[in-house]
Amino acid sequence: MLVSVVGAALLRDDPPRVLASRRTEPPHLAGLWEFPGGKVEPGESDEQALVRELREELGVLAVVGERLGEDLPIGDTAVLRVYLCRIVSGEPALVDHDEHRWLTADELEDVPWIPVDLPLVAELRTLLTRTD
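1. Focus: a nonpolar patch on the surface
Point 1. Among the surface-exposed residues, L61, V63 and V88 lie close enough to one another that they form a single nonpolar patch of about 250 Å² accessible area.
Point 2. When you line up the elements, V88 lands in strand β6 (residues 78-89).
Point 3. According to the relative accessible area criterion, V88 is exposed, its value standing at 51%.

Next comes the structure, spelled out in structure tokens:
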């Protein structure tokens, strides 16, 4: 059985930006950037897990929107699902990360992403540059 992991593409407007968070562990991922999130606990929906993880990891209350992309395998044991989210209360705190950055579409490649998140960067760039 695969472990479910959820991530948040936290969006902000004016200009359109997404939050990237720099990992401190495990050692092989330290210094790389990710969409914050974590494991789905038994009995939780993806959305419930994401709200909990964002409260624990960032100290924010967020609303979860639509999925971004497809399921992304994390090795042979887990799958990542990323959702578009917006903060409704609080500002991201440094709890599990050592830096946060709000990136515009043009800045998405300014940070080295963890490999599992990288396939979503192009899709996110399109989303951040939409003018509809």
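That was the structure; now back to the text.
2. Description of helix α2 (residues 119-129)
Point 1. When we look at burial in α2, the residues that qualify are L120, V121, L124, L127 and L128. Taken end-on, α2 shows its buried residues confined to a sector of 120°, consistent with a single buried face. Exposed residues on α2 whose side chains face more than 90 degrees from its buried face are P119 and T126.
Point 2. The secondary structure elements touched by the buried residues of α2 are β1 (3-12), β2 (17-23), β5 (61-74), β6 and β7 (97-103).

3. Some remarks on the pattern of salt bridges
Point 1. Applying the stated criterion across every chain yields a total of 13 salt bridges.
Point 2. The partner of E91 in a salt bridge is R12, and the shortest N-O contact between them spans 2.8 Å. A residue pair is termed long-range when its members are at least 10 positions apart, and E91 in the loop between β6 and β7 and R12 in strand β1 qualify at 79 residues.
Point 3. Residue R12 is classed as partly exposed on the basis of its relative accessible area of 21%.
Point 4. A salt bridge links D46 to R81; the nearest nitrogen and oxygen atoms lie 3.7 Å apart. Taken together, the residues span a long stretch of sequence, with D46 in helix α1 (residues 46-58) and R81 in strand β6 at a distance of 35 residues. Across the pair, R81 and D46 agree in class, each one buried.
Point 5. Each of R22, D98, E99 and R101 takes part in a single network of salt bridges with overlapping partners.

Parameters and conventions
- Position labels on residues start from 1 in each chain and follow its written sequence.
- This being a predicted model, a pLDDT of at least 70 is required before a residue's local features are given, and a value of 80 or more before pairs of side-chain atoms are given or counted; all residues contribute to the totals for chains, interfaces and linings.
- Computation of side-chain values: all heavy atoms of the structure, hydrogens and water removed.
- Patch membership needs two things, relative accessible area over 30% and no salt bridge, and members are linked within 9 Å if like-charged or within 5 Å if nonpolar (Val, Leu, Ile, Met, Phe, Trp, Tyr).
- For accessible areas, the Shrake-Rupley method is used with a probe of radius 1.4 Å. Any residue's cover is judged against the shown protein chains and nothing else.
- Whenever Lys or Arg places a side-chain nitrogen within 4 Å of a carboxyl oxygen from Asp or Glu, that contact is recorded as a salt bridge.
- Segments assigned H or I by DSSP are reported as helices when at least four residues long, segments assigned E as strands when at least two residues long, and all are numbered from the N terminus.
- The rule is simple: take the accessible area with a 1.4 Å probe, protein chains only, and divide by the maximum for that residue type; under 20% is buried, over 50% is exposed, in between is partly exposed.
- The directions from the helix axis to the C-beta atoms form the arc being described.
- Working rule for contacts: check all heavy atoms of both residues, and any pair within 4.5 Å makes them a contact.

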